[in-house]
Amino acid sequence: MIVPLAHVLILAAVLFGLGLVCTLVWRSNVIMLLIGIEVMLNAAMLVFVGGSNHWGMADGQVFALIIMAMTSAEVSLALALVVYLHRRKNTVDVDEFRELKD
Amino acid sequence: METYLFYILAAVTVIGTILAITEKHPVHAIVYLVTSFFSLATIFFLLAAPLVAMFEVIIYAGAVMVLFMFVIMMLDLGRTDEARRPVLKQWLLPIILGGIILASIGTIATGYAAAPHPSGALTVRDFAETLFRKYGVAVEIISMQLLFAVVGALYLGRKGKP
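About the thresholds
- Residues numbered from 1 in each chain as written.
- Chains lettered and ligands numbered in written order.
- Predicted model: local features only at pLDDT ≥ 70, side-chain atom pairs only at ≥ 80, totals over all residues.
- Heavy atoms only, no water.
- Helix = DSSP H or I, 4+ residues; strand = E, 2+ residues; numbered from the N terminus.
- Rg over C-alpha atoms; globule rule 2.2 N^0.38 Å.
- Buried < 20%, exposed > 50% of the residue type's maximum accessible area, 1.4 Å probe, protein only.
- Contact = heavy atoms within 4.5 Å.
- Areas by Shrake-Rupley, 256 points an atom, 1.4 Å probe, with all protein chains shown as cover.
- Buried area = accessible area lost by both parts, 1.4 Å probe.
- Salt bridge = Lys/Arg side-chain N within 4 Å of Asp/Glu carboxyl O.
- Polar contact = N/O pair within 3.5 Å; in protein donor to acceptor, adjacent residues only side chain to side chain.
- Nonpolar A, V, L, I, M, F, W, Y, C, P; charged D, E, K, R; others polar.
- 1 Å grid on protein atoms, 1.4 Å probe; cavity = no way out; pocket = protein on both sides within 12 Å on 5 of 7 lines; lining within 4 Å.
- Points joined across faces, edges and corners; volume = space filled by probe spheres on them.
- Domains from an automatic or database assignment.
- Core = buried A, V, L, I, M, F, W, Y, C linked by side-chain atoms within 4.5 Å.

J.: I tried to follow the overall build of chain A on my own but got confused; where do I start?
T.: Within chain A, the secondary structure is distributed over three helices and zero strands. Along chain A, from the amino end to the carboxyl end, the secondary structure elements read α-α-α. Computed over its C-alpha atoms, the radius of gyration of chain A comes to 17 Å, more than 25% above the 13 Å expected for a compact globule of 102 residues. Dimensions along the principal axes, computed over C-alpha positions, put chain A at roughly 55 × 25 × 15 Å. Scored against the burial criterion, the 102 residues of chain A give a buried share of 63%. Once local pairs closer than 6 in sequence are excluded, the contacts in chain A between residues at least 24 apart make up 56%. When the accessible surface of chain A is totalled, it reaches about 3,800 Å², and 67% of it is carbon and sulfur.

Shown next, in the form of structure tokens:
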């Protein structure tokens, strides 16, 4: 282990906080909101990889890989939704999508 | 040496992410985020996870970010004159909330004495054996999930009314 586990956890916490702030702040652009989710998922992956390195078990890396596969599925669906919503209302502002009906 | 490298890369990651989330132009934000992901991939490499580092570069910095860029270009969201940042009032509360979470996790992490770990180096062979022997079912499930995502994306992206 090159650095203490605590430092890896702190870095992951900082990244998670930044992603959370990005998600909460950018209501005017749904793309930036998705970027915030990406940053948060990366922080989670960093925790898994750091723990896997600390305890010398590969399970954490496997979960990081599975998070990555899940993220690519999520991003493809979310961006398809963004394209669909943009086609309907011609905007990506989250506040415009308030109604369930057409 | 590697310890210093970790801290430098951590600084690059955090600064890149800050620049990405405060950038009003979506394309610039994506490029900053790619920088941040590259340095995060190097951190993964330093933490003895070369395969995860490689997939980070290929899938995250490559595929996912290019997909974002593609959608931005396709919907023509990259105009400089229309881009605007949220006002300062909107930043305040999220920063306070994020700061509270950060402080609590930091307090727990610094006061946390982890159990001593076995000093076995983690190899790619260990990783592959764990992935395909212990978590073989998870690989199958995740492949199904990707298939469903493809079907959903095709359905949503259809011409006409879904």
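J.: When you look at the interface of chain B and chain A in this model, what are you seeing that I'm missing?
T.: A common way to state how big an interface is: give the accessible area lost once the parts meet. Across the contact, 80 residues belong to chain B and 70 residues belong to chain A. In this assembly, chain B packs against chain A so that about 6,600 Å² is buried in total across both faces, 79% of it on carbon and sulfur atoms. Applying the counting rule to chain B against chain A returns one salt bridge. When the shortest N-O distance is used, the salt bridge between Lys134 of chain B and Asp59 of chain A registers 2.7 Å. Our enumeration of links across chain B and chain A arrives at seven residue pairs in polar contact (both at pLDDT 80 or more). Contributing elements (two or more residues each) for the side of chain B that touches chain A: helix 1 (2-22), helix 2 (26-46), helix 3 (50-75), helix 4 (88-110), helix 5 (124-134) and helix 6 (136-156) of chain B. The element contributing the most residues to the side of chain B that touches chain A is helix 3 of chain B, with 13 residues. Here the side of chain B that touches chain A is composed, by residue class, of 56 nonpolar, 13 polar and eleven charged.

J.: What should I look at first to understand empty space enclosed by the protein in this one?
T.: A probe matching the size of a water molecule, rolled over the atoms, marks out where space remains unfilled. Applying the stated criterion across every chain, the model contains one cavity of 30 Å³ or more. Every residue along the wall of the largest cavity is listed here: Gln61 of chain A together with Ala48, Pro50, Leu51, Leu122, Thr123, Val124 and Phe127 of chain B. For the lining of the largest cavity, the secondary structure elements donating two or more residues are helix 3 and helix 5 of chain B. Among the residues forming the lining of the largest cavity, the class breakdown is six nonpolar, two polar and no charged. Per-domain counts for the lining of the largest cavity show at least three residues from each of domain 1 (1-106) and domain 2 (122-162) of chain B.

J.: Explanation requested: the side chain of Gln61 of chain A in the structure shown.
T.: If you trace the backbone, Gln61 of chain A turns up in helix 3 (residues 59-89). For Gln61 of chain A, a relative accessible area of 2% puts it in the buried group. Separated by 2.9 Å, the side chain of Gln61 of chain A and the backbone oxygen of Ala48 of chain B make a polar contact. Discounting chain neighbours no more than four positions away, the residues touching Gln61 of chain A are Ser52 of chain A together with Ala48, Ala49, Val52, Leu122 and Phe127 of chain B.

J.: What is the right way to read the nonpolar core from this model?
T.: Soluble, globular proteins show a tendency: their nonpolar side chains are buried together. Among the nonpolar cores identified, the biggest contains 61 residues, and Leu46 of chain A together with Phe68 of chain B are the most heavily contacted of them. Secondary-structure elements contributing two or more residues to this core are helix 1 (5-25), helix 2 (30-55) and helix 3 of chain A together with helix 1, helix 2 and helix 3 of chain B. Residue contributions to this core peak at eleven residues, all from helix 2 of chain A. Every residue in contact with Phe68 of chain B, bar those within four places of it in the chain, is listed here: Ile31, Leu34, Ile35, Glu38, Val75 and Leu79 of chain A together with Ile30 of chain B.

J.: I keep staring at the environment of Leu79 of chain A and nothing clicks. Help me out?
T.: Topologically, Leu79 of chain A is positioned in helix 3. Residue Leu79 of chain A is classed as buried on the basis of its relative accessible area, which comes to 2%. The spatial distance from the C-alpha of Leu79 of chain A to the C-alpha of Arg98 of chain A is 18 Å, given a sequence separation of 19 residues. Setting aside residues no more than four positions away along its own chain, Leu79 of chain A makes contact with Ile31 and Leu34 of chain A together with Leu67, Phe68 and Val71 of chain B.

J.: Would you mind showing me how to read the domain arrangement of chain B here?
T.: Here chain B is described as being made up of domain 1 (1-106) and domain 2 (122-162). Using C-alpha coordinates to define each centre, domain 1 of chain B is positioned 24 Å away from domain 2 of chain B.

J.: Help me out: how do you make sense of unusual backbone geometry in this one?
T.: Glycine aside, residues mostly have negative phi, and peptide bonds are mostly found in the trans state. Residues and elements named next belong to chain B. Residue Ala48 is not a glycine yet carries a positive backbone phi of 60°. Mapped onto the elements of the fold, Ala48 is located in the loop between helix 2 and helix 3. A relative accessible area of 25% places Ala48 in the partly exposed class.

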